[in-house]
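# Observations on chain architecture
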Amino acid sequence: MTSSPNNLVIEARGVQKWYPNGYHALRGVDLSVHRGEVVVVMGPSGSGKSTFIRTFNALEGSIRIDDISLGNDLRQIDAIRREVGMVFQQFNLFPHLTVLDNLVLAPTLVRGRSRTEVQAQALSLLDRVGIKEQAQKFPGQLSGGQQQRVAIARALCMEPRILLFDEPTSSLDPEMVREVLDVMRQLAQEDITMVVVTHEVKFAEQVAHRVVLMAEGNVVEEAPPAQFFKNPKHERTRRFLDQIL
Amino acid sequence: MNPLLRRLRADLFATPADGALSLGLIALITAAAVGLVQWATQRAQWAVIQANSTLFAVGRYPADQQWRLWLLTALLTAATGVTWGLLRCHPRADRDGTLWPRNDLVVLALLAAVAFWLPWVLQLTPALQSRWWLLAALLAATRWLAGRFGSQLSRPVLRLFPLVWPLIYLTGMVLISGGLGLMPVSPSQWGGLLLTLLTSSFAILLCFPLGVLLALGRRSDLPLLRWISVIYIEFIRGAPLITLLFLGQNILGFLLPGGLAPDRIWRAAWVLTFFAAAYLAEAVRSGLASVPNGQIEAARSLGLSYPQTLVRVVLPQALRVALPAMVGQFISLLQDTTLLSLIGLLELLGVARTVMANPAFLGHSAEVYLTLALVFWSCCAALGLGSRALEKRLDPQTLSRSSSQP
Amino acid sequence: MPDPQASLDPLDRPPWWRDRRVVPWLVQGVVALLLLVLIAFLLGNLVHNLTTRDMLLSWRWLGQTAGFDISETLVPFNAEMPYWRGLVAGLANTLRAVITGLVGATLLGTLAGMASYSRNGLLRGLTRTYVETIRNIPLLLQLIFWYFVVFLSLPNGSAALQIPGVVLAKSGLYLAGLGQGMHWSLPQLVNGVWQAPLRLSVEFAALMSGLIIYSGAFIAEVVRGGIASVPKGQWEAATSLGMGWFATLRHVVLPQALRVIVPGLNTQYISLAKNSSLAVAVGFTDLYSVAETTLNQTGRALEVYLLLLGAYLAMDLVISLLMNGLNRFVQIRER
């Protein structure tokens, strides 16, 4: 993995975010993500990690970077959303569409691709996440783990440049966590750029290129997993690791 | 003990008090039923309905132009038959694909019975009687043809088929009011069931888009749109319909430049539309509220624009949830058309009141009003049944329940 | 955005028609403009049309002699009195109908709602039939039925229907009550005419029968929904304590169901108040009926309409306020 500047997929500097009630959620966050890199974001609840990755998708208000408001151009926001895929904690599959139609909807509407072409791609993606035979079912008929794998396939179907995961395993039953993590591991091996907010330490240790700790709306520590878990620099990281390990 | 007897006992005679209550109720119901049957067969004189059946059906629509209404009825019948058949031969994955399920046979038998029985009761002329039979035969035939050969139709044809309905509606408007080479029949000559169905269908069709827009406005992030919707909805819902009809009849003329105000019947139809839209908006709003925010976020994160998100993701889910409440509003809208009789329009109830003013029929108001009640009850109950069937067909949950079993 | 670098460029300011801070205001501005144009157009026409007819807003006619009579009133009124007294008398009649209707419909609806949870299958079936029949027939038709078919065909004099304490005759509904000298007295036939401490006109009786039975069906559904919202475990717990069906319903289930019932009742009460305007169809002189007569005599459409609308909106508001107060009370007790 090289880190030349033109390989940069995301470069955020000094991201600020206030909620309408005045809560200062992000207080100048810096983060760079390179092509093919897997970054795991950890942190206690309320540390702003979900808010942060949602700013990449313009789902959470406007971003302030270096004291200048950006991301107010509606056309650019749409463009960003097309190129950034997102997987949610609650899956958010469309319950009124079949699994296949969940995948086909956006590429046909947004990219204007032909239905037959997208369908073929969708079926191969479903095959990749191991649920090809469920393509004609409705989301309500699938288990949580299956739904989350469909959600990943749905995001991939738009061929995004980067995939964001917002606590993808937090609302799953324990026995279903693994099947979802396996899919994510497989994606990492295929050099898909990912930013993952999660509490899964093992996944972070094995898959991440870098682990980031956020607390109180700031990035506290940013290090390769070996260093992050074995030999953290900051006191705050140590305390956090004590709590979750 | 026989299970039926055991159930009866548990249901009706569980305790002495229950038993006494049941006996009392049985006596009461029997007495009422016997009284009603006796009255209907012996004392009631249904001649008032027979003599005025045309008036009840179409009001003062000119007799030599009534073929247009028959033609429209035939068109509607054919379209109903084809739609029905197509629905059956393209069942959802979870339904059995029988061409003639038992429900359909029952409905068809019922319709046939009505088609044969009604002309006899009304003592229609043989010419009219045969028309009813032809209509019943047409329905059965189109239903059978569409069910038999519908599966051979190509996908684009099936997709375009629903357009037949608005087309028939527009054709119907032309047939009823004239124009395009047909002799014009002024709205003041429309009446009876024709006027009731015309105004209610007009209002139902138009209040739907208006109500959805108002509901979206009420949930909008833009304060101005929200306030306009709230003020409109609350204003309309605060006033009795009769005062709004009054507004339409007496004040609309002042609000528009001279000569622009439509005919009285159209004014009333528009008032009904605007009235129903406010109530419908509230039904749709509850549906919108039931769609989780995550659905919008997911659609937006896939790159769908706001209108695309609304049309493809939010509305399909919201309208399905709102469906029972919406049909409830349509049912009350159909009932509300009776208020047109209070501003002097001759819809069903208005016709009934003019008939009752004729001294020849003095003392037979019970027959007329009970018949009207039966007509309204059947229409409303049919709407309710249809809504429940549609709800079941659209609900992915029933689908998952029935087919996820091994 | 192919290159994410672009969005980080501080100099990148979007054109105004694509700026997400500007577009919402743009949309609202356009809507406001359209709305203002529409209102100006309608108001302009109104003023123009009224001026040409010399009918611009004026309230002086309220003081003119009405010249019509109202057959039954709570406040004194006769044909020599001005219009505004007539409108007040109409309002009083409307209030009387609404309040009586509210009480009656609540009682009937609550009973029917409770009966739909009875153990007796026959009673359950009967309430179901009642609700499904009444809700699918227009109220106006029901009112006309009660008036023309039931009440106007009642016999008069000694042939009138008599239940102890109540006499139903074509000339009215006579009830026992405290008569002259605070004595309990029953309806009596004096020279072929019924006399009683309390007499209701058939018009009022027909209106009440129709309104109460119609609204009762809707309230029954509200009550049924409320009872359904109480978990089944509550029934089982109460029954296991040895409580009977009625005691369980009255002391355990209904108090909890009120949380759901009260908001539903609010809607039903408001629609009952509005539906009372259909009194005009059965000849009971309520506010709407007085307003209609007034309009026909004076031609003051706009003024009469504003008065009518104001009165009904105020009535809705009062009902809503009272029910919201009740709602708060019920919700607090719940916790």
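First, a word on scope: everything that follows refers to the structure included in this document.

Judged by nonpolar contacts, the single largest core of 169 residues is most densely connected at Phe56 and Tyr369 of chain B together with Leu207 of chain C. Once residues lying within four places of it in the same chain are set aside, the contact partners of Leu207 of chain C are Ala97, Leu143, Ser276, Ala279, Val282 and Phe284 of chain C.

Let us now look at the side chain of Glu282 of chain B. Residues and elements named next belong to chain B. Turning to its location among the elements, Glu282 is positioned in helix H14 (residues 264-289). A relative accessible area of 16% places Glu282 in the buried class. The residues touching Glu282, leaving out its near neighbours within four places in the chain, are Arg218, Ile233 and Arg237.

This brings us to the sheet that holds strand S9 (residues 210-215) of chain A. Residue and element names in this part refer to chain A. In space, the 6 strands of this open sheet follow the order S6-S7-S8-S3-S9-S10, with mixed pairing throughout. With one partner strand each, in any of the chains shown, strand S6 (84-87) and strand S10 (218-223) form the two edges of the open sheet. The sheet shows a mean angle of 20° between the axes of neighbouring strands, direction not considered. Note that S9 and S10 share 5 bridges and pair antiparallel. Each residue of the ladder has a partner; that of Val211, found in S10, is Ala223. Along the sheet, helix H2 (residues 74-83) contacts S6 and strand S7 (162-166); its crossing angle with S6, the most-contacted strand, is approximately 60°.

What follows is about the interface of chain B and chain C. Taken residue by residue, the interface counts 51 residues in chain B and 50 residues in chain C. Buried area between chain B and chain C, both sides added, is near 4,400 Å², and the carbon and sulfur share of it is 74%. Counting across the chain B and chain C interface gives 0 salt bridges. At the boundary of chain B and chain C, one finds 7 residue pairs in polar contact (both at pLDDT 80 or more). When residues of the side of chain B that touches chain C are traced back to their parent elements, those giving at least two are helix H1 (3-12), helix H2 (16-43), helix H11 (223-238), helix H12 (241-250), helix H13 (252-255), helix H16 (306-336), helix H17 (348-357) and helix H18 (365-394) of chain B. Ranked by residue count, the leading element in the side of chain B that touches chain C is H18 of chain B, at 10 residues. Class assignment of the residues belonging to the side of chain B that touches chain C gives a composition of 37 nonpolar, 10 polar and 4 charged.

Bringing the pattern of salt bridges into the picture now. Scanning all chains against the criterion turns up 23 salt bridges over all chains. The salt bridge partner of Arg224 of chain C is Glu221 of chain C, with a shortest N-O separation of 3.1 Å. Here Glu221 of chain C and Arg224 of chain C lie together in helix H6 (residues 202-228), a separation of 3 residues that amounts to about one turn. Here Arg224 of chain C falls in the partly exposed class, since its relative accessible area comes to 29%. Because the salt bridges share partners, they merge into one network encompassing Arg218, Glu234, Glu282 and Arg285 of chain B.

Residues and elements named next belong to chain C. Read from one edge to the other, the open sheet built from 4 strands follows the order S1-S2-S3-S8, with strand pairing classed as antiparallel. Because the sheet does not close on itself, it has two edges, and the strands there are strand S1 (161-163) and strand S8 (198-200). In this sheet, neighbouring strand axes are inclined to one another by 15° on average, regardless of whether the strands run parallel or antiparallel. Bridge count for strand S2 (residues 166-169) against strand S3 (residues 172-175) is 4 bridges, and the pairing is antiparallel. Residue pairing for S3: Val167 is matched across the bridge by Tyr174.

What counts, and at which threshold
- Residues numbered from 1 in each chain as written.
- Chains lettered and ligands numbered in written order.
- Predicted model: local features only at pLDDT ≥ 70, side-chain atom pairs only at ≥ 80, totals over all residues.
- Heavy atoms only, no water.
- Core = buried A, V, L, I, M, F, W, Y, C linked by side-chain atoms within 4.5 Å.
- Buried < 20%, exposed > 50% of the residue type's maximum accessible area, 1.4 Å probe, protein only.
- Contact = heavy atoms within 4.5 Å.
- Helix = DSSP H or I, 4+ residues; strand = E, 2+ residues; numbered from the N terminus.
- Pairing = 2+ DSSP bridges.
- Axes fitted to C-alpha atoms, helices over the stretch in contact; angles between N-to-C directions.
- Buried area = accessible area lost by both parts, 1.4 Å probe.
- Salt bridge = Lys/Arg side-chain N within 4 Å of Asp/Glu carboxyl O.
- Polar contact = N/O pair within 3.5 Å; in protein donor to acceptor, adjacent residues only side chain to side chain.
- Nonpolar A, V, L, I, M, F, W, Y, C, P; charged D, E, K, R; others polar.

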